Amino acid sequence: MSSEIFDKVQRVLTALQEQNIERAQDLEAFRVKYVGSKNEIKALFGEIKNVANERKKEFGQLLNDVKQAAEEKYNHWKEKLEGESGGEDDIAIDLTAPTAAIPLGSRHPVSIILNRIIHIFERIGFTVAEEREIEDDWHNFTAMNTPEDHPARDMQDTFYLKDSTNELLRTHTSSVQARIMKNQKPPIRIIAPGRVYRNETISSRSHCQFHQVEGLYIDKDVSFADLKQTLLYFAREMYGPKTDIRLRPSFFPFTEPSAEMDVYWGLNNEDDYRITKGTGWLEILGCGMVDPNVLENCGIDPDVYSGFAFGMGIERQAMLQHKITDIRQLFQNDTRFLKQFSGVI
Ligand code: DAH
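Residue numbers here run from 1 along each chain, matching the order of that chain's written sequence. Since the coordinates come from a predicted model, pLDDT governs what is reported: local features require at least 70, and pairs of side-chain atoms require 80 or more to be given and counted, while whole-chain, interface and lining totals use all residues. The side-chain quantities take in all heavy atoms of the structure and omit both hydrogens and water.

## Quick word on the packing of aromatic side chains
Centres within 6.5 Å are what make two rings of Phe, Tyr or Trp a pair, Trp counting through its six-membered ring; a difference in plane orientation under 30 degrees is then read as stacked, over 60 as edge-to-face, and the rest as tilted. Scanning the model with the defined rule gives twelve aromatic pairs in all. Residues phenylalanine 252 and phenylalanine 254 carry aromatic rings whose centres are separated by 5.9 Å and whose planes lie at 20 degrees to one another, so their mutual orientation is stacked. One exposure class covers both phenylalanine 252 and phenylalanine 254, and it is buried. A ring is considered to have a charge above it if a Lys NZ or an Arg CZ atom is located within 6 Å of its centre and within 35 degrees of its normal. Over the ring of phenylalanine 6 we find arginine 55; its NZ or CZ atom is 3.9 Å from the centre of that ring. Buried, partly exposed and exposed residues are distinguished by accessible area as a fraction of the type maximum, computed with a 1.4 Å probe on protein chains only: under 20%, between the cut-offs, and over 50%, respectively.

Now the structure itself:
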């Protein structure tokens, strides 16, 4: 009987020595079998009662040796596998492997142009003024020297709010001029970016919503030369350091004199002929000296102060710079279109 038990212990020893350990799962199986709280070796200790007295000591020794062999093997492999995986997990981490690509979002082309324009004017002391898109008739038209029967109102087909003849979606950012002049004392030097609305048929060239940037500078002794120099600086920052501009006389109710500014785009290819109608010049903005009536409407004394203003559309500039041919693409939020601007700041 005794020797059979000895043989059994011997077999357990051989088995645990031969047990193959390669992965964490193997190690865990080994632990459960030979080291864990209900391991096989422990059970063998219970057999000591069946061993002849004179061999009990020998048996105990043998079992202790087996137990120690199991623990040593377990600890050896545990250390080894943990060293390889760097942690308790069975996941080996390859620190040299490339990380999964993080897709970059993109700015909207309108935002790209707006931000560029804002930064250009911020550098020469203009601050950003933002105002409401739902305006009243006074700020959008009357204050801007466009009284009710003024023909210029027809130039801008207006969305009125339901059942209202007073509340409307602003047709231009010039309404911000009135809000700022009423609330701030000169010197005033602001640009006002934002969305505007007109009741126009949507096509590839026009939309019922678009963006403008308004500029306003009011101080003592502001002259047309200041306006021209400011716009030249803008054009050269925006369209390149050698860009030429021209100012053509025009009409706006809120400025006197008024002008439109063109930049020389060039006639280098067929597209240039098309977009400049064969002239090489592109109209970018409207501008002028703030009409004394406007100053007065907004509580600024025209005998003391003068100023200039300008307003420009953003979509057209975005379309020119990014060769976009259909304005509707700017409002559809099709990610296939927008993705193309990834990385453009
Ligand atoms: N508000 C004009 C428009 O929407 C643009 C404009 C022209 C703004 C001349 C101005 C200006 O400030 O001086 O067409």
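Structure's up, so let's keep going.
## Observations regarding the sheet that holds strand β8 (residues 281-290)
We treat two strands as partners when DSSP finds at least two bridges between them. Numbering of helices and strands runs from the N terminus, with a helix taken as a DSSP run of H or I at least four residues long and a strand as a DSSP run of E at least two residues long. Reading across the sheet, the seven strands line up as β1-β4-β5-β9-β8-β7-β6 and stay open at both edges, with mixed pairing between neighbours. Strands with a single pairing partner mark the edges of an open sheet, and in this sheet they are β1 (127-128) and β6 (245-252). As paired strands, strand β4 (residues 188-197) and strand β5 (residues 209-219) are joined by ten bridges and run antiparallel to one another. Bridge pairing links isoleucine 191 to glycine 215 in β5. Note on contacts: a residue pair is in contact if any heavy atoms of the two residues lie within 4.5 Å. Fitted lines through C-alpha atoms give the axes, limited to the stretch in contact for helices. The angle between two N-to-C directions lies from 0 to 180 degrees. Of the strands in this sheet, β4, β5 and β9 (306-313) are in contact with helix α8 (residues 174-183), which crosses β5 at around 40 degrees. Running over the sheet, helix α12 (residues 315-322) touches β5, β8 and β9 and is turned about 150 degrees from β8.

## Overview of the nonpolar core
Most often, soluble globular proteins keep nonpolar side chains buried together rather than apart. Only buried residues count toward a nonpolar core. Its members are Ala, Val, Leu, Ile, Met, Phe, Trp, Tyr and Cys residues joined through side-chain atoms within 4.5 Å. Counting residues in hydrophobic clusters, the biggest one holds 42 residues, and the most contacted among them are Ile117, Phe234, Met261, Leu285 and Phe310. Looking at this core, the elements with two or more residues in it are α5 (109-122), β5, α9 (224-239), β7 (255-264), β8, β9, α12 and α13 (335-338). Top element by residues in this core is α5. It accounts for eight residues. Sequence-distant contacts of isoleucine 117, defined by excluding residues within four places in its chain, comprise Val213, Phe234, Met238, Met312, Ile314 and Gln317.

## Looking at the site of the ligand
Surveying the vicinity of the ligand reveals 16 residues, the closest of which are His172, Ser174, Arg198, Gln212 and Glu214. The term polar contact refers here to a pair of N or O atoms within 3.5 Å; inside protein, the definition further demands a hydrogen-donor-capable atom paired with an acceptor-capable atom, and it admits residues adjacent in sequence only when both atoms are side-chain atoms. Glutamine 177 has a polar side-chain atom sitting 3.1 Å from an oxygen atom of the ligand. Residue arginine 198 places a side-chain N or O atom 2.8 Å away from an oxygen atom belonging to the ligand. To be clear on the numbers: accessible area is Shrake-Rupley with a 1.4 Å probe, and residue cover counts the displayed protein chains and nothing else. Protein coverage of the free-state accessible area of the ligand, which is 360 Å², stands at 91%. Put simply, the parts of the chain that give the shell around the ligand at least two residues each are α8, β5, β8 and β9. To be near a molecule or strand, a residue needs just one of its heavy atoms within 4 Å of it.

## Here's the deal with the pattern of salt bridges
Two side chains of opposite charge can pair, provided their charged atoms sit close to one another. Salt bridge, as applied in this entry: a Lys or Arg side-chain nitrogen positioned within 4 Å of an Asp or Glu carboxyl oxygen. One pass over the full model with this rule turns up 15 salt bridges. Here arginine 132 ties to glutamate 131 by a salt bridge, and the two come within 3.8 Å at their closest N and O atoms. The class of arginine 132 is partly exposed, set by a relative accessible area of 42%. With its nearest N and O atoms 3.3 Å apart, the salt bridge here joins arginine 248 to glutamate 260.

## Here we look at the state of the cysteines
Any two cysteine sulfur atoms within 2.5 Å of one another count as a disulfide. According to the stated counting rule, one finds zero disulfides in the structure shown. For the unlinked cysteine cysteine 298, the closest cysteine sulfur is that of cysteine 287, found at 19 Å.

## Topic: the packing of α5 against α9
Relative orientation of the contacting elements α5 and α9 amounts to 135 degrees, with a least axis distance of 10 Å. Relative to α9, α5 is oriented oblique. Crossing of α5 over α9 shows right-handed handedness. Judged by residue contacts, Ile113, Arg116, Ile117, Ile120 and Phe121 of α5 engage Thr230, Tyr233, Phe234, Glu237 and Met238 from α9. All amino acids are sorted into three groups, where Ala, Val, Leu, Ile, Met, Phe, Trp, Tyr, Cys and Pro are nonpolar, Asp, Glu, Lys and Arg are charged, and the leftover types, Gly among them, are polar. Its residues assigned to classes, the contact of α5 with α9 comprises seven nonpolar, one polar and two charged. Under this scheme an angle from 65 to 115 degrees is roughly perpendicular, one under 35 degrees roughly parallel, and one over 145 degrees roughly antiparallel; angles in between are oblique. Handedness of a crossing follows from how the near helix is turned relative to the far one, being left-handed for an anticlockwise turn of less than a right angle and right-handed for a clockwise one.

## Some thoughts on the domain arrangement of the chain
Residue ranges assigned to each domain were obtained from an automatic or database domain assignment. Domain assignment breaks the chain into domain 1 (2-85) and domain 2 (109-341). Measuring from the centre of the C-alpha atoms in domain 1 to the corresponding centre in domain 2 gives 86 Å.

## Focus on the pairing of β8
A large share of β8 lies buried, amounting to eight of its ten residues. As paired elements, β7 and β8 share eight bridges and run antiparallel to each other. Bridge pairing in β8 links tyrosine 264 to tryptophan 281. Alignment of β8 against β9, held across five bridges, turns out to be antiparallel. Along β9, the bridge assignment pairs cysteine 287 with phenylalanine 310.

## Focus: the side chain of glutamate 214
Residue placement: glutamate 214 occurs in strand β5. Under the convention used here, Asp and Glu are negative, Lys and Arg are positive, and both His and the chain ends fall outside the count. Buried charge without a salt bridge: glutamate 214, with arginine 198 as the nearest opposite-charge side chain at an N-O distance of 8.3 Å. Within the structure, the side chain of glutamate 214 is placed 2.7 Å from the side chain of glutamine 177, a separation counted as a polar contact.

## Notes on the environment of isoleucine 191
By the secondary structure assignment, isoleucine 191 is in strand β4. Each residue touching isoleucine 191, except ones within four places of it in the same chain, is listed here: Ile118, Phe121, Phe126, Thr127, Val128, Ala129, Val213, Glu214, Gly215 and Phe310.

## A closer look at α5
Each helix should span, by expectation, one fewer than its residue count multiplied by 1.5 Å. Between its first and last C-alpha atoms α5 spans 20 Å; for 14 residues at 1.5 Å apiece the expected length is 20 Å, and the two agree. Residues of α5 that are buried: Pro109, Val110, Ile112, Ile113, Leu114, Ile117, Ile118, Ile120 and Phe121.

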